[in-house]
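Here is what each chain is made of, one letter per residue.
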Amino acid sequence: MRIRLSALIVASLAVSAHARAAFARDDVLQHACYSPALLAGVPGEEKVSRGVHTYDAPIKIAGFTQAPPVPEALRGSIRRVDVPKGEKVIALTFDLCEQRGEIAGYDGRIFDYLREQGVKATFFAGGKWMVSHRARTEQLMTDPLFEVGNHTETHANLRLLNEAAIRQQVLAPQKAYEDARADLASKQCVAASPEDMRSIPAQPTLFRFPYGTCNPASLKAVNDAGMLAIQWDVATGDPDPHESAERIAAAMVNEAKPGSIIVNHANGRGWHTADALRIAIPKLKAKGYTFVTVSELMTMGKPVIKSECYDRKTGDVNRYDFLWALKKPLNASPKAGAKVAYTPLAAKKVAVKKNTKPVARAAGQSVN
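My aim in this report is to walk through the structure given alongside it, one point at a time. Bear in mind the structure is a predicted one, so any value in this text is a computation, not a measurement.

### Let's talk about the state of the cysteines
Inference 1: Following the criterion strictly, the structure yields two disulfides and no others.
Inference 2: Put simply, Cys-33 and Cys-189 are joined by a disulfide, and their sulfur atoms are 2.0 Å apart. Every disulfide takes its handedness from the sign of the S-S torsion; for Cys-33 and Cys-189 that torsion is 90°, giving right-handed. Here Cys-33 is found in helix α2 (residues 28-33), whereas its partner Cys-189 is found in helix α8 (residues 188-191), with 156 residues between them in sequence. As far as the burial class goes, Cys-33 and Cys-189 line up, both buried.

### Thoughts on the environment of Glu-87
Inference 1: The topology assignment puts Glu-87 in the loop between β2 (77-82) and β3 (89-96).
Inference 2: Taking the C-alpha atoms as reference points, Glu-87 and Gly-301, separated by 214 residues in sequence, lie 9.5 Å from one another.

### Side note on unusual backbone geometry
Inference 1: Phi at His-155 takes a positive value of approximately 60°, unusual for a residue other than glycine.
Inference 2: Inspection of the secondary structure assignment puts His-155 in the loop between β6 (146-150) and α7 (163-185).
Inference 3: One non-glycine residue, Tyr-211, lies in the positive phi region at around 65°.
Inference 4: Position of Tyr-211 among the secondary structure elements: in the loop between β7 (206-207) and α9 (216-224).

### What to know about the packing of aromatic side chains
Inference 1: Taken as a whole, this structure holds eight aromatic pairs when the rule is applied.
Inference 2: With centroids separated by 5.2 Å and ring planes inclined at 35°, the aromatic side chains of Tyr-211 and Tyr-320 adopt a geometry described as tilted. Highlighted residues: Tyr-211 in the loop between β7 and α9 and Tyr-320 in helix α13 (residues 319-326), separated in sequence by 109 residues.
Inference 3: Of note, Arg-79 hangs over the ring of Tyr-310, and the distance from its end group to the ring centre comes to 3.8 Å.
Inference 4: In this structure, Lys-88 packs its charged tip against the face of Tyr-289, placed 4.7 Å from the ring centre.

### Things to note about the packing of helix α10 (residues 245-255) against helix α11 (residues 273-286)
Inference 1: It is at 8 Å that the axes of α10 and α11 come closest, and there the two elements cross at 35°. Where α10 crosses over α11, the handedness of that crossing is right-handed. From α10, Ala-245, Glu-246, Ile-248, Ala-249, Met-252 and Val-253 reach across to α11, where they touch Thr-273, Asp-275, Ala-276, Leu-277, Ile-279, Ala-280, Lys-283 and Leu-284.
Inference 2: Here the residues of the contact of α10 with α11 sort into ten nonpolar, one polar and three charged.

Basis of the calculations
Residues numbered from 1 in each chain as written. Predicted model: local features only at pLDDT ≥ 70, side-chain atom pairs only at ≥ 80, totals over all residues. Heavy atoms only, no water. Disulfide = S-S within 2.5 Å. Helix = DSSP H or I, 4+ residues; strand = E, 2+ residues; numbered from the N terminus. Buried < 20%, exposed > 50% of the residue type's maximum accessible area, 1.4 Å probe, protein only. Phe/Tyr/Trp six-rings, centres within 6.5 Å; stacked < 30°, edge-to-face > 60°. Lys NZ or Arg CZ within 6 Å of the ring centre and 35° of its normal. Axes fitted to C-alpha atoms, helices over the stretch in contact; angles between N-to-C directions. Left-handed = near helix turned anticlockwise from the far one by under 90°. Contact = heavy atoms within 4.5 Å. Nonpolar A, V, L, I, M, F, W, Y, C, P; charged D, E, K, R; others polar.

So this is what it looks like as structure tokens:
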């Protein structure tokens, strides 16, 4: 999708307000509300609890007011940003997915290391995840290094849903975020510096499609709700427990280029992501890269926008339409005696049923 420069400049104004707030933020609010001990990760917190239905009730969105629609020039699936020559910037992103019937994790090792290194990142959180992790969500809001995006309510494949279901999945995280922000604003620690709350967006302005799947109807719903659809151009395959930290790090270091958007997971399904970051971040810094949030990256160049979603090439996520129809739990833990959602063996079985060739590295992309 080609974008005229003049239209892009005008459209970028819709992004820049949030980005300017991100540039201007400091850690006053975070220090006022949270001690280092409260921010630190807790061993075991990254584990996914299955068979838990405490937070399964749909988030109520009746009467919720969505943000103004995204300008035409920024509508579509954003893969990366073409930045000016010499601008060695990349955006690290992490998905915080959570389906019904479970409570996903919070991998504190990832957040602790990013804070230790002063590395900015964008976290795409599910609405259900924000409800079950309210305290952690509010901590992320106060951190000037981080921004929070929308990753649907329960990690649904939106292109298989009707209009009403798409609306629920898209707007529920906006409401969950708004509720968490209101709770944060009511705390005594904010009373001394209420102006700092203004630097925290009223709603997420970024959205990520689960599984890398979308269609015109779901893209329109996201953009009409005032969010940019942010996908990626570097996928590490970190949901696959067989992907080592070294291989995940190699994907980040070797495949990233200026303006790249890298996808990982911080919800306990990035099996070796925390260790991989300790390898990759020093190497990327040594290559001259700096880390920015996605909103900041969007102000630095021309976004590469496609009319559809995919992992690495058009059509390579079509398998998830078939898997979703099976109505089986995705990305189940091998430690619990279950198979990973889409291992090479599973790919072969599906291929036999569909009379197609199995897709390489499918397991690594099972939970984006």
